[in-house]
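Spelled out from the first residue to the last, the chains are:
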Amino acid sequence: MSKMSPHIRQVIRMALLNMRIEEIEHAYYAAVGSLTNQKITESEKIRGILKLGPEEPLPEPEADDEGGFIDEIYELAAERIERANNSIPFVRKAFVIGLFHLWERHCNSAMKRNRYIHDDVMVWMEANGRRLKAETLLHLELACHCAKHGPGNSCKKLWKLRPDLFNRVNNEGQASESTLVISNETFDEFLKAVSTSRRG
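We now turn to the structure provided with this report. In this text the structure is predicted, and so the values were computed from the model without any measurement.

Quick look at the overall build of the protein
1) Next: When you go through the protein residue by residue, the secondary structure sums to 7 helices and 0 strands.
2) Next: Along the protein, from the amino end to the carboxyl end, the secondary structure elements read α-α-α-α-α-α-α.
3) Next: Its C-alpha atoms give the protein a radius of gyration of 23 Å, clearly above 16 Å, the size a compact globule of 200 residues would have.
4) Next: In terms of principal-axis extent, the alpha carbons of the protein reach across some 75 × 50 × 25 Å.
5) Next: Going through the 200 residues of the protein one by one, you find that 40% of them count as buried.
6) Next: Taking the contacts inside the protein whose residues are at least 6 apart along the sequence as the reference set, 59% of them involve residues at least 24 apart.
7) Next: Accessible area of the protein: about 12200 Å², with a carbon and sulfur share of 53%.

Here it is, written out as structure tokens:
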């Protein structure tokens, strides 16, 4: 059996990368969407418990005569909604970490090396005819390391380049994983940078 040509290897490698990116994108929006819609989900559960139709108003708190069961149901629902809202930032950061490591493994495999070095990767990719969003890919790498490791060089470097990704941070010393904010728009930006880093 003849050896596969380098071009065919690259084509297959890119196809696999794009398939995995689509999986990450689908999983990200499924996870974030489910958490974001927790309020609607809890409302539907309450309607089911109380046998109410979709257009019927929910009873006011303390409107029941059965020992405050309505209040208890609302409190439990509110706790679930709060947990869901508090989970969203962690989920977004986890997907940023996963996205970067997918890109890192792709590059290391293509370059036949064990360590990802941003500048070297950019030079190699350009030499191999790839269209790159080098700056955004660097932001993705720094966001990944900031989310994983907390305060340190990656958080400081990212704050200098993208202060908009941090909440109420006025200097690099305050930049940390707890102040790092990943929005859907930011994730889309990172996703696009990885998915368009392909042969021109």
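A short note on the pattern of salt bridges
1) Next: If you walk through the whole model with that rule in mind, you get 6 salt bridges.
2) Next: A salt bridge links Asp-120 to Arg-113; the nearest nitrogen and oxygen atoms lie 3.4 Å apart.
3) Next: With a relative accessible area of 34%, Asp-120 lands in the partly exposed category.
4) Next: Judged by its relative accessible area of 28%, Arg-113 falls in the partly exposed class.
5) Next: Each member of the salt-bridge network shares a partner with another, and the members are Glu-42, Lys-45 and Arg-80.

So, the nonpolar core
1) Next: Within the largest apolar cluster, 45 residues are counted, with the highest numbers of intra-cluster contacts made by Leu-99, Trp-103, Val-121, Phe-166, Leu-180, Phe-187 and Phe-190.
2) Next: When residues of this core are traced back to their parent elements, those giving at least two are helix H1 (6-36), helix H3 (69-111), helix H4 (118-127), helix H5 (134-149), helix H6 (153-161) and helix H7 (184-195).
3) Next: The dominant element in this core, judged by the number of residues it contributes, is H3, at 12 residues.
4) Next: Other than its neighbours up to four places away in sequence, Leu-99 contacts Ile-24, Leu-140, Phe-187, Phe-190, Leu-191 and Val-194.

Brief notes about the packing of aromatic side chains
Describing an aromatic ring pair means giving the distance of the ring centres and the angle of the ring planes.
1) Next: What the rule picks out here adds up to 5 aromatic pairs.
2) Next: Measuring from ring centre to ring centre gives 5.5 Å for Tyr-28 and Phe-95, while their planes differ by 85°; the resulting arrangement is edge-to-face. Pair noted here: Tyr-28 is in helix H1 and Phe-95 is in helix H3, with a separation of 67 residues, a long-range link. Just as Tyr-28 is buried, Phe-95 falls in that class too.

Some remarks on the side chain of Thr-136
1) Next: When you line up the elements, Thr-136 lands in helix H5.
2) Next: Since its relative accessible area comes to 13%, Thr-136 is described here as buried.
3) Next: Residues within four places of Thr-136 in sequence aside, it is in contact with Glu-189, Phe-190 and Ala-193.

What about the state of the cysteines?
1) Next: For the structure shown, the criterion picks out 1 disulfide.
2) Next: The residue that forms a disulfide with Cys-146 is Cys-155, at a sulfur-sulfur distance of 2.2 Å. Here Cys-146 and Cys-155 share a disulfide; its torsion about the S-S bond, 95°, makes the bridge right-handed. Cys-155 shares its class with Cys-146; the two are buried.
3) Next: Of the cysteine sulfurs around Cys-107, a residue in no disulfide, the closest is that of Cys-144, at 13 Å.
4) Next: The cysteine Cys-144 is free of any disulfide, with Cys-146 supplying the nearest cysteine sulfur at 9.9 Å.

Description of H4
1) Next: Considered for burial, the residues of H4 that qualify are His-118, Val-121, Met-122 and Met-125. Within H4, the buried residues cover an arc of 100° as seen down the axis, which keeps them to one side. Residues of H4 that are exposed and point over 90 degrees away from its buried face: Asp-119, Val-123 and Ala-127.

Overview of the environment of Asp-188
1) Next: Tracing the chain through its elements places Asp-188 in helix H7.
2) Next: Residue classification places Asp-188 among the partly exposed positions, given a relative accessible area of 33%.
3) Next: Separated by 18 residues in sequence, Asp-188 and Asn-170 place their C-alpha atoms 25 Å apart.

The rules behind the values
- Residues numbered from 1 in each chain as written.
- Predicted model: local features only at pLDDT ≥ 70, side-chain atom pairs only at ≥ 80, totals over all residues.
- Heavy atoms only, no water.
- Helix = DSSP H or I, 4+ residues; strand = E, 2+ residues; numbered from the N terminus.
- Rg over C-alpha atoms; globule rule 2.2 N^0.38 Å.
- Buried < 20%, exposed > 50% of the residue type's maximum accessible area, 1.4 Å probe, protein only.
- Contact = heavy atoms within 4.5 Å.
- Areas by Shrake-Rupley, 256 points an atom, 1.4 Å probe, with all protein chains shown as cover.
- Salt bridge = Lys/Arg side-chain N within 4 Å of Asp/Glu carboxyl O.
- Core = buried A, V, L, I, M, F, W, Y, C linked by side-chain atoms within 4.5 Å.
- Phe/Tyr/Trp six-rings, centres within 6.5 Å; stacked < 30°, edge-to-face > 60°.
- Disulfide = S-S within 2.5 Å.
- Arc of directions from axis to C-beta.

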